[in-house]
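Topology and contacts: notes
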Amino acid sequence: MKTISENRAFGGVQGVYAHTSEVCQCDMTFGLFLPEEAEDGPVPLLWFLSGLTCTHENAMVKSGAQRWASEAGIAVVFPDTSPRGAQASDDEDYDLGQGAGFYIDALDLPWAAHYQMWSYITDELPGLLFDSFPVAEAAQSITGHSMGGHGALTMAMSLPGRFRSVSAFAPICQPTKSLWGRKQFTAYLGVDEEPWAAYDASLLMKKRGFDGPMLIDQGTADRFLELLQPEALAAAMVERRQAGTFRMQKGYDHSYFFVSTFMEEHIAFHAGALFA
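Our subject in this report is the structure included herewith. None of the values given here were measured: they were computed from a predicted structure.

Okay, the overall build of the chain next. Assigned secondary structure in the chain consists of nine helices and nine strands. A globule of 276 residues ought to have a C-alpha radius of gyration of about 19 Å, and the chain, at 17 Å, matches this closely. In terms of its C-alpha atoms, the chain occupies a principal-axis envelope of roughly 50 × 45 × 35 Å. A buried classification covers 59% of the 276 residues belonging to the chain. Approximately 11,300 Å² of the chain is accessible, and the part contributed by carbon and sulfur atoms is 50%. Charge centroids of the chain, computed over 18 positive and 34 negative side chains, lie 7 Å from each other.

Printed below as a string of structure tokens:
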């Protein structure tokens, strides 16, 4: 593992690190904020999964998470959203290929050679973090924005016991029925739609739900509402009688201005579960 940078922030350290990924078969980069408490031992860990076109850097720089994570005494990891480099397949469209890994394990070529983001986020990167940094494997929560909200919700529901809480900012809620999903799933997973269901938050909500605190924030002025389909997840939560909070925030859009506005509340929400 290579240290790209380490900067003092809010009493802790915001680092950026690179390593060779075995599952993605390329070099991957991630950001990790460690609060001051990490100097004395392992601290709880919050995962932040970013959205389409993002790298590890977007949320790390724009979300304001470090201030609130420092006050709460928790670490935050900011993974990349897809494989990178000349060897990783790409596409001319912004919503397919690099920057658009969708947090799934691709089955079809050419994507399957590198696009193994589910395994990277749920297996390879956690192993690296717990071996190399003072973060507590037994105290994890997860959040994400847009495509990353889709990833956070699907991972939380698919890995029972892994995460103590889950939240999302404007998540892609029903990718099997949306152009943000059907396009990518067809490319990555193939035309057979049976494997798609494992990566659909609304379907997983109906099938499994989440045994822990859940918080969803969605802006009413989000120009991507038809692609995100928050009503599908809300309906699935009601059908399952899932405990959780789903908030439609008046006038907010899809940007990091929206994310940063409610980041304090989300981190406080997760801290309540991580220190329970």
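The structure having been displayed, the exposition proceeds.
Here we come to helix H5 (residues 179-189). Along H5, the residues classified as buried are Trp-180, Gly-181, Gln-184, Phe-185, Tyr-188 and Leu-189. The buried residues of H5 occupy one face: seen down the axis, they fall within an arc of 105°. Buried residues along H5 sit in contact with helix H4 (147-158) and helix H7 (225-228). N-capping of H5 is provided by Ser-178, with a side-chain oxygen placed 3.0 Å from the backbone N of Trp-180. Taken from the residues just after H5, Gly-190 is the one with a positive phi, measuring 100°.

Okay, the environment of Trp-196 next. By the element assignment, Trp-196 lies in the loop between H5 and helix H6 (201-207). Classification of Trp-196 as buried rests on a relative accessible area of 2%. Residues Trp-196 and Asp-253 lie 57 residues apart in sequence; the distance between their C-alpha atoms is 28 Å. What Trp-196 contacts, discounting residues up to four positions off in sequence, is Thr-176, Arg-182, Phe-185, Thr-186, Leu-189 and Gly-190.

This paragraph deals with the packing of aromatic side chains. All chains considered together, the criterion is met by 17 aromatic pairs. When the centroid spacing of 5.9 Å and the interplanar angle of 65° are considered together, the rings of Phe-258 and Phe-262 count as edge-to-face. Residue Phe-258 and its partner Phe-262 are both found in helix H9 (residues 256-274); the two are separated by four residues, about one turn of the helix. We note that Phe-258, like Phe-262, is buried. An aromatic cluster of three or more residues is present, and its members are Phe-48, Phe-78, Phe-169, Tyr-252, Phe-258 and Phe-262.

Pairing between side chains becomes possible if they bear opposite charge and their charged atoms approach one another. If you walk through the whole model with that rule in mind, you get six salt bridges. With a closest N to O distance of 2.6 Å, Lys-183 and Asp-95 form a salt bridge. Here Lys-183, found in helix H5, pairs with Asp-95, found in the loop between strand E5 (75-79) and helix H3 (117-132); they are 88 residues apart in sequence, far enough to count as distant. The class of Asp-95 is buried, set by a relative accessible area of 8%. Arg-247 serves as the salt-bridge partner of Glu-265, at 2.8 Å between the closest nitrogen and oxygen. Taken together, the residues Glu-265 in helix H9 and Arg-247 in strand E9 (residues 245-249) connect sequence positions 18 residues apart. The class of Glu-265 is partly exposed, set by a relative accessible area of 38%. Judged by relative accessible area, Arg-247 falls into the partly exposed class, the value being 22%.

Looking now at the pairing of strand E2 (residues 12-21). For E2, a buried count of eight out of 10 residues is recorded, marking the element as mostly surrounded by other parts of the structure. In this sheet, E2 lies alongside strand E1 (residues 2-9) in antiparallel orientation, the contact comprising seven bridges. For Asn-7, the partnering residue across the bridge sits in E2 and is Gln-14. Turn length for the E1-E2 hairpin, with the two strands adjacent in sequence and antiparallel, is two residues, and the turn residue Phe-10 shows positive phi of about 50°. Of the strand pairs in this sheet, E2 and strand E3 (residues 26-34) are connected by nine bridges, and their pairing is antiparallel. Paired with Ser-21 across the bridge in E3 is Cys-26. The hairpin formed by E2 and E3 contains four residues between the paired strands, and Gln-25 there has a positive phi angle of roughly 55°.

Core analysis: the biggest nonpolar cluster contains 87 residues, and Phe-30, Leu-32, Leu-129 and Tyr-188 have the highest contact counts within it. Looking at which element gives the most residues to this core, the answer is H3, with eight residues.

Reading the values: rules and limits
- Residues numbered from 1 in each chain as written.
- Predicted model: local features only at pLDDT ≥ 70, side-chain atom pairs only at ≥ 80, totals over all residues.
- Heavy atoms only, no water.
- Helix = DSSP H or I, 4+ residues; strand = E, 2+ residues; numbered from the N terminus.
- Rg over C-alpha atoms; globule rule 2.2 N^0.38 Å.
- Buried < 20%, exposed > 50% of the residue type's maximum accessible area, 1.4 Å probe, protein only.
- Areas by Shrake-Rupley, 256 points an atom, 1.4 Å probe, with all protein chains shown as cover.
- Lys, Arg positive; Asp, Glu negative; His and termini not counted.
- Charge placed at Lys NZ, Arg CZ, Asp CG, Glu CD.
- Arc of directions from axis to C-beta.
- Contact = heavy atoms within 4.5 Å.
- Polar contact = N/O pair within 3.5 Å; in protein donor to acceptor, adjacent residues only side chain to side chain.
- Phe/Tyr/Trp six-rings, centres within 6.5 Å; stacked < 30°, edge-to-face > 60°.
- Salt bridge = Lys/Arg side-chain N within 4 Å of Asp/Glu carboxyl O.
- Pairing = 2+ DSSP bridges.
- Core = buried A, V, L, I, M, F, W, Y, C linked by side-chain atoms within 4.5 Å.

Honestly, that's just the spatial picture; any functional story needs more than this.
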